[in-house]
Number of protein chains: 4
Amino acid sequence: MRKLKVGIIGGGGPGAFFGRVHQRALSLDGTRELVAGALRSKPKDAMAAAAEWGIQGYPDYTAMLNAWKDGDIGLDYAVIATPNHMHFAPAMACIEAGLPVMCEKPMTLTVAESETLAKAAKRKKVPFVLAHTYTGHPMMMYARELVQSGAIGEIRKIESWYTQGWLASDLEKSGQKQASWRTDPKRTGLSNCGGDIGTHAFMAATWVSGLSVKRVSARLNAFVKGRVLDDDFNVLAELSNGGTALITATQIAIGYKNDNGFRMFGTKGSVEWHQEAAEQLLVRRGDHDETYWQGGGFYPKSVASYQRAPAGHHEDFLEALGNLHWTLERQIRQIHKEDTPAPFPHPGVDEGVAGMKFVRAAVASSKARGKWTKV
Amino acid sequence: MRKLKVGIIGGGGPGAFFGRVHQRALSLDGTRELVAGALRSKPKDAMAAAAEWGIQGYPDYTAMLNAWKDGDIGLDYAVIATPNHMHFAPAMACIEAGLPVMCEKPMTLTVAESETLAKAAKRKKVPFVLAHTYTGHPMMMYARELVQSGAIGEIRKIESWYTQGWLASDLEKSGQKQASWRTDPKRTGLSNCGGDIGTHAFMAATWVSGLSVKRVSARLNAFVKGRVLDDDFNVLAELSNGGTALITATQIAIGYKNDNGFRMFGTKGSVEWHQEAAEQLLVRRGDHDETYWQGGGFYPKSVASYQRAPAGHHEDFLEALGNLHWTLERQIRQIHKEDTPAPFPHPGVDEGVAGMKFVRAAVASSKARGKWTKV
Amino acid sequence: MRKLKVGIIGGGGPGAFFGRVHQRALSLDGTRELVAGALRSKPKDAMAAAAEWGIQGYPDYTAMLNAWKDGDIGLDYAVIATPNHMHFAPAMACIEAGLPVMCEKPMTLTVAESETLAKAAKRKKVPFVLAHTYTGHPMMMYARELVQSGAIGEIRKIESWYTQGWLASDLEKSGQKQASWRTDPKRTGLSNCGGDIGTHAFMAATWVSGLSVKRVSARLNAFVKGRVLDDDFNVLAELSNGGTALITATQIAIGYKNDNGFRMFGTKGSVEWHQEAAEQLLVRRGDHDETYWQGGGFYPKSVASYQRAPAGHHEDFLEALGNLHWTLERQIRQIHKEDTPAPFPHPGVDEGVAGMKFVRAAVASSKARGKWTKV
Amino acid sequence: MRKLKVGIIGGGGPGAFFGRVHQRALSLDGTRELVAGALRSKPKDAMAAAAEWGIQGYPDYTAMLNAWKDGDIGLDYAVIATPNHMHFAPAMACIEAGLPVMCEKPMTLTVAESETLAKAAKRKKVPFVLAHTYTGHPMMMYARELVQSGAIGEIRKIESWYTQGWLASDLEKSGQKQASWRTDPKRTGLSNCGGDIGTHAFMAATWVSGLSVKRVSARLNAFVKGRVLDDDFNVLAELSNGGTALITATQIAIGYKNDNGFRMFGTKGSVEWHQEAAEQLLVRRGDHDETYWQGGGFYPKSVASYQRAPAGHHEDFLEALGNLHWTLERQIRQIHKEDTPAPFPHPGVDEGVAGMKFVRAAVASSKARGKWTKV
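Heads up: these notes are all about the structure in this document. Not measured: the values here are computed from a predicted model. Counting restarts for each chain: residues are numbered from 1 in the order of the written sequence. Lettering of chains starts at A and numbering of ligands starts at 1, both following the order in which they are written. The model is predicted, so local features are restricted to residues of pLDDT at least 70 and side-chain atom pairs to those at 80 or more, both for listing and for counting; the totals for chains, interfaces and linings are taken over all residues.

1. A look at the pairing of strand β10 (residues 244-250) of chain C
All names here are of chain C. Buried means a residue has 20 or more other C-beta atoms within 10 Å of its own C-beta, exposed means 12 or fewer, and partly exposed covers the counts in between; C-beta atoms are placed from the backbone. Numbering of helices and strands starts at the N terminus; helices are DSSP runs of H or I of at least 4 residues and strands are runs of E of at least 2. Within β10, 7 of the 7 residues are buried, which leaves it mostly tucked inside the rest of the structure. In β10, alternate side chains face the same way, and those of T244, L246, T248 and T250 on one face and A245, I247 and A249 on the other are all buried. Strands were regarded as paired on the criterion that DSSP finds at least two bridges between them. If you look at the hairpin formed by strand β9 (residues 232-239) and β10, you'll find 4 residues sitting between the two strands, and G242 has a positive phi there, around 95°.

Structure, rendered in structure tokens:
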């Protein structure tokens, strides 16, 4: 089986970390490899970073795309790992050129951009996967299958959260790169906390349940002095089936690393998942609880085809992201009629647009003192 | 040391359970004993129940109070274990007669009643403890001392919740007694879920932190068909120091028994407590977490004086309620100049009024589509 | 229903704690009360302690028994809460006098004493319950019913442990009372760690499974300098059905309070229980795990009759010990033809003898360098 | 930075899984790649498997080594992923040829083979890493640094275990490949359970603590009918510092997947680690417990240099194995004077020999009815 060739855009600066994370995640199956990159915004830096990574360097993404179009380099897809405000342009360029995309989330800086992007991707029929890493956890995929099969009945309520503490102080003033761009409206958009991690909580709630959010009532806080954008994000949401969701995220909870998870309460039972114990899914039946462990024989084929190791040999963060790359790989191989298992319905452009609209509505509602606002 | 004598009002019917729970909780130290009761609303039933319990029976609470005033029976305090709508009258009668009270929560049916009661108790200087059982857990008492000592800095955000599943179906239609009165506005007041368990979440948030709630934005749901009152209760709250609290309760989460707990995020650290693992308190310092186990040498004297067994020998639900009785006992002994350790500041009439106002505001806000409403 | 009257022998000295624990445990149901005691070994101290406790004092247990025989005081049973070397004499005296006994464990100082006691109790048909507190936990009782019903098939292997850290340093040199007598061969017998907590691990293994131990291979250690008796106890055991048990206890595991529990592996599944999360029982079925929570509707009647509060309202250490008192109460009421649910088969004299023989064999095997030794 | 080129021996048959696991683990950093393999024992099968994997195939490992020696292919090291009885010959061939080795454990079939191998590797100064995957978990590496720095004082006792259930029935009779060779003395050696997973428990105990095992007393069981080798493995061990270790492994614990972990009790504190929650390390200080999470700022440089993602983004099984490949990579780069952080002291030939001797002594002791046997 041939290896897919991947080019990366962004993610190579000092203090960046997600470029390397994508490299690892895409490399781990041995069926994809990173071969090229426009790793930084300054051409010179970009070339130097590529040399250090041992891949073919380009001064910018246009140059990389041109080299591909000219047949100078083979590429099967591109990874976009730049800050939020630089997702749209390269993603559009790839799509227009017909190169499939793995794009970091949130999808774009504005709702309008995301809609343009979605339309283009559909028109051009270019595979596009949004890097909502946690949806790649097999037990989250299994939760989706379980919930959407009706195993817990009609959903009444969802609690979905993402709790972190790394921005509890004004880290951005120290020049820390991750903190700087995330708290800067120009580079991050309308919302810091909501856009960065509230979207994960939103995605878990909607992608797992199959429901959408119709209206929201929100309260966003900027607890750390001097911060313009929210570092705390609280949303009550009305679901498409009339249920209620509580979607919260915070960056000021000292000591919490990545406490991301959800609970869904249906008419027949409940499910609960925690990213920090990602290998387990808890299903509550009423008189007892059941714990399912990653890799069990109970997997439907759709999930089983993503299994790399036997039960008990946990796969975690990189493997979850690897699964999104695997889904994109499968979409690409399908197009080329190569042998491949079916791709799982991981988030793409539609989910990206929904996430952008959700954040926009939450920001508007908070400004209107919690007024219920249409998404 | 003499044993305190206790009379009970209500709690003795078939299907009731809290009467027996109070009997056990007050008996367990061997320093208090239940001697009398007006256990049921019908005089005949009340007498029969008392005979079965092996205590002195009275046809109603007035008769019991009269017997006490006449010196026919010795009583040190009364326990009020009736449904919500029957708290006010007997509580007022006890207070007017000068008999200390252990009252079930929520304190009364209406805010007005609660204010009348609070005024009376203060005027007459009668000890009054509100049975917010969970505040009797030593680790919750320790959390209060810790947080109010400034150990986690200024509080920015509180999450406080109470998640149950026992009312996920229309149990009240089966005639189950606990379900029937709780879902009936005449006996339970403005709110079922909020009044019954939302008040616990409210009490944890405010009593532990020392903060009060100024304004709320709420969404209450009645998920089960035919139900008039809420079975799901979601409140965003503005705290007196400008912080935000998320206070939630639900009765439709199938499989969840008593998942009650809180997390508080301060400028220096975080604390987290779960009623279902009540013997532990988690303190997050940033680079590592610390777990404190009930009974440790780290207790301040105020908490240590409530310890019954050495570390590792867990005390739980009955002991927590027993601690509230112990607090009332200590208040009573102080008045009588008997030897006693100092009582812990467990919830009393002021907290009772605050709880009533909180529920009222939440109900009003929900009716006004989440409008921020003053408490 | 009349209250049973209880007298206590020992447990009243400064630094003692189990006397008070028994008082609380027996008081908590309101159907038994502590009325008399010979609380300390010196008559004067005994009388003073009783006055402090507010019960009828006696200078020694003989005086208390005589008062009872003379009709001066009503007693239904006696609690023996003295150190190990003073169990036998008062227990024999009670039995000979026909007074039922709740006796602390290990039952006696020597195997010979325990056999004499067992014979006497059987001959006189006097109810006798051994205070193996943890067997009173409802979920341990439920585990016994489940395992003995064949739910996990034939048992192949048992792991049973009790891990503590309180004797990791030479606490006995500080004069701490609990440490002093437990590490003194004259007062504690052949084994400190094995006798004090290894017997709990032994009891869990045998009483829950219904199997007995035939042979042992042991290694006992005295890690703390100057200590004569073991503070660490490791036993491999051959079970009566050919299975293997690993029974371990230690007192030198710093930071571990009461990490007592067991795992049983059968031909059809496994069960697991932890005293520090006593309200849950884990049953492993192969492809998923099931967690049962105390108070569930799945209880057989034998366990349900010991339930005090609804599911989710945890009962713990004192309630577990209270259940043993409840069992003794039920045995006594049965004899007197009083109305009572059936007593659960909690440990009595036979289990007491088995525990003594187990410790003796372990000590002998360890001295013989792990030689497999018949129990 | 150039990528290291890797060849694999074995691991490519149907039903094999560890070949692919190694491929993923070595690929994930993008600094190593699998380029060649002699994947199966039959030449034809080997060539077909290589084609399927998309790597250069060889009919057997000799051919692969010859191609390398002849300069037909570049190789930096070889992975040996065959069953136990086929470790020795290819490992020796690699070493004699000067090609570094990543070898599956247990190192060889017999102690004699392992000693020969160790001598050869030392004589030829060829880097050799033993694939004790769990030692690659960052928190286990951190535990080693912590314990060997004296943070918990002198170690008195170690409990180290590996509990699985997958061989609770006679799976080998179904033809399942993993079960077949592991229960076959010819292919697996003296011990199944001890060799396969008991060695992991042994390695955790010794490699983390820095202590060795001097003598053992063991009981091995073959619970499943018809099985010649052990499926249950219990060892009491005397440590080099006089302490005691309890090293156990079982394959008959239904429902347990990979419950591997250890607890170490020292004179100043305790540490505890569980493979199924590999990202946390528990340190008990006495009055409270501390939990450290993978990726924290508390890492010493030796561990920090292996970090791939920020705190809270868990790395698990594949990353742990990847860390062993990283260690081998660092050893190789050091030899070639390439820029590299220092390799962590992961298990190599000495640890391999120690593991073999430990299993041999345990088997001998069990046959001698638990006689304490020198390792």
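2. Concerning the interface of chain A and chain B
Taken together, the contact between chain A and chain B spans 28 residues of the former and 28 residues of the latter. Mapped onto the side of chain A that touches chain B, the elements with two or more residues apiece are β7 (155-163), β8 (213-221), β9 (232-239) and β10 (244-250) of chain A. With 4 residues, β10 of chain A is the largest single contributor of residues to the side of chain A that touches chain B. In this classification, the charged set is Asp, Glu, Lys and Arg, the nonpolar set is Ala, Val, Leu, Ile, Met, Phe, Trp, Tyr, Cys and Pro, and all remaining amino acids, among them Gly, are polar. Here the residues of the side of chain A that touches chain B sort into 9 nonpolar, 11 polar and 8 charged. Two residues qualify as being in contact provided that their C-beta atoms, derived from the backbone, are within 7 Å of each other.

3. Quick look at the nonpolar core
Joining buried Ala, Val, Leu, Ile, Met, Phe, Trp, Tyr and Cys residues through C-beta atoms within 7 Å gives a set, and that set is a nonpolar core. V101 of chain B together with V101 of chain C are the most contacted members of the largest nonpolar core, which has 255 residues in total. Once residues within four sequence positions are removed from consideration, V101 of chain B is found in contact with Y77, A78, I80, A91, C94, I95, V126 and F128 of chain B. Of all hydrophobic cores here, the second largest spans 254 residues; its members include V147 and V349 of chain A together with A118 and A205 of chain D.

4. Focus on the relation of the copies chain A and chain B
The superposition of copies rests on a least-squares fit of C-alpha positions from residues with pLDDT of 70 or more in both. When chain A is fitted to chain B, the best match, at an RMSD of 0.0 Å, comes from turning it 180° and sliding it 0.0 Å along the axis. The operation mapping one copy onto its partner corresponds to a two-fold rotation axis. When the interface residues of chain A are mapped onto chain B, 100% of them again fall at the interface, so both copies present the same face.

5. Some details on the sheet that holds strand β4 (residues 77-80) of chain A
All names here are of chain A. If you trace the 6 strands from one edge of the open sheet to the other, you get β3-β2-β1-β4-β5-β6, paired in parallel fashion. Only two strands of the sheet have a single partner each, and these edge strands are β3 (56-57) and β6 (128-130). Two elements, strand β5 (residues 101-103) and β6, share 3 bridges in a ladder whose sense is parallel. Bridging across to β6, C103 finds its partner in L130. The angle between two axes is taken between their N-to-C directions and runs from 0 to 180 degrees, where each axis is a line fitted to C-alpha atoms and a helix contributes only its stretch in contact. On the sheet, helix α1 (residues 18-27) packs against β1 (4-9), β2 (32-38) and β4 and is oriented at approximately 155° with respect to β2. Taken strand by strand, helix α4 (residues 88-97) contacts β1, β4 and β5, and its axis lies near 165° from that of β5.

6. Some points on the relation of the copies chain D and chain C
Aligned on chain C, chain D shows an RMSD of 0.0 Å; the corresponding rotation is 180° and the shift along the axis is 0.0 Å. Interface residue correspondence from chain D to chain C reaches 100%, placing this contact among same-surface, isologous pairings.

7. Some details on helix α12 (residues 349-367) of chain A
An α-helical turn contains 3.6 residues, so a residue and the one three or four places further along point in the same direction. Spanning 19 residues, α12 of chain A covers 27 Å between terminal C-alpha atoms, matching the ideal 27 Å at 1.5 Å per step. In the stretch just after α12 of chain A, R369 of chain A is the one whose phi turns positive, near 55°. A helix is expected to reach a length of 1.5 Å times the quantity of its residues less one.

8. Quick word on the pairing of strand β4 (residues 77-80) of chain C
Residue and element names in this part refer to chain C. Burial of the side chains of β4 extends over both faces: Y77 and V79 are buried on one face and A78 and I80 on the other. Two elements, strand β1 (residues 4-9) and β4, share 4 bridges in a ladder whose sense is parallel. Bridge pairing in β4 places G7 opposite A78. In terms of strand pairing, β4 meets strand β5 (residues 101-103) through 3 bridges, oriented parallel. Bridging from a neighbouring strand, V79 pairs with M102 of β5.

9. A word on the interface of chain D and chain C
Taken together, the contact between chain D and chain C spans 28 residues of the former and 28 residues of the latter. Elements with a minimum of two residues in the side of chain D that touches chain C: β7 (155-163), β8 (213-221), β9 (232-239) and β10 (244-250) of chain D. It is β10 of chain D that contributes the most residues to the side of chain D that touches chain C, 4 residues altogether. Tallied by class, residues from the side of chain D that touches chain C come to 9 nonpolar, 11 polar and 8 charged.

10. Things to note about the sheet that holds strand β3 (residues 56-57) of chain B
The strand order β3-β2-β1-β4-β5-β6 (chain B) describes an open sheet built from 6 strands, whose pairing is parallel. Each having just a single partner strand, β3 and β6 (128-130) of chain B make up the two edges of the open sheet.

11. Some thoughts on the packing of helix α5 (residues 111-124) of chain D against helix α12 (residues 349-367) of chain D
Residue and element names in this part refer to chain D. Two numbers describe how α5 lies on α12: the axes approach to 9 Å, and their chain directions differ by 170°. Considered as vectors, α5 and α12 are oriented roughly antiparallel to each other. Contacts from V111, S114, E115, L117, A118, A121 and K122 in α5 reach V349, D350, G352, V353, M356, K357 and R360 in α12. Each residue belonging to the contact of α5 with α12 can be placed in one class, and the counts come to 7 nonpolar, 2 polar and 5 charged. In this scheme, roughly parallel covers angles under 35 degrees and roughly antiparallel covers those over 145, while 65 to 115 is roughly perpendicular and the rest are oblique.

12. Comments concerning the packing of α1 of chain A against helix α11 (residues 317-335) of chain A
Residue and element names in this part refer to chain A. At a closest axis distance of 8 Å, the pairing of α1 and α11 adopts a crossing angle of 70°. Compared by their axis directions, α1 and α11 come out roughly perpendicular. Where α1 abuts α11, its residues V21, R24, A25 and L26 lie against L318, L321, G322 and H325. Class assignment of the residues belonging to the contact of α1 with α11 gives a composition of 5 nonpolar, 2 polar and 1 charged.

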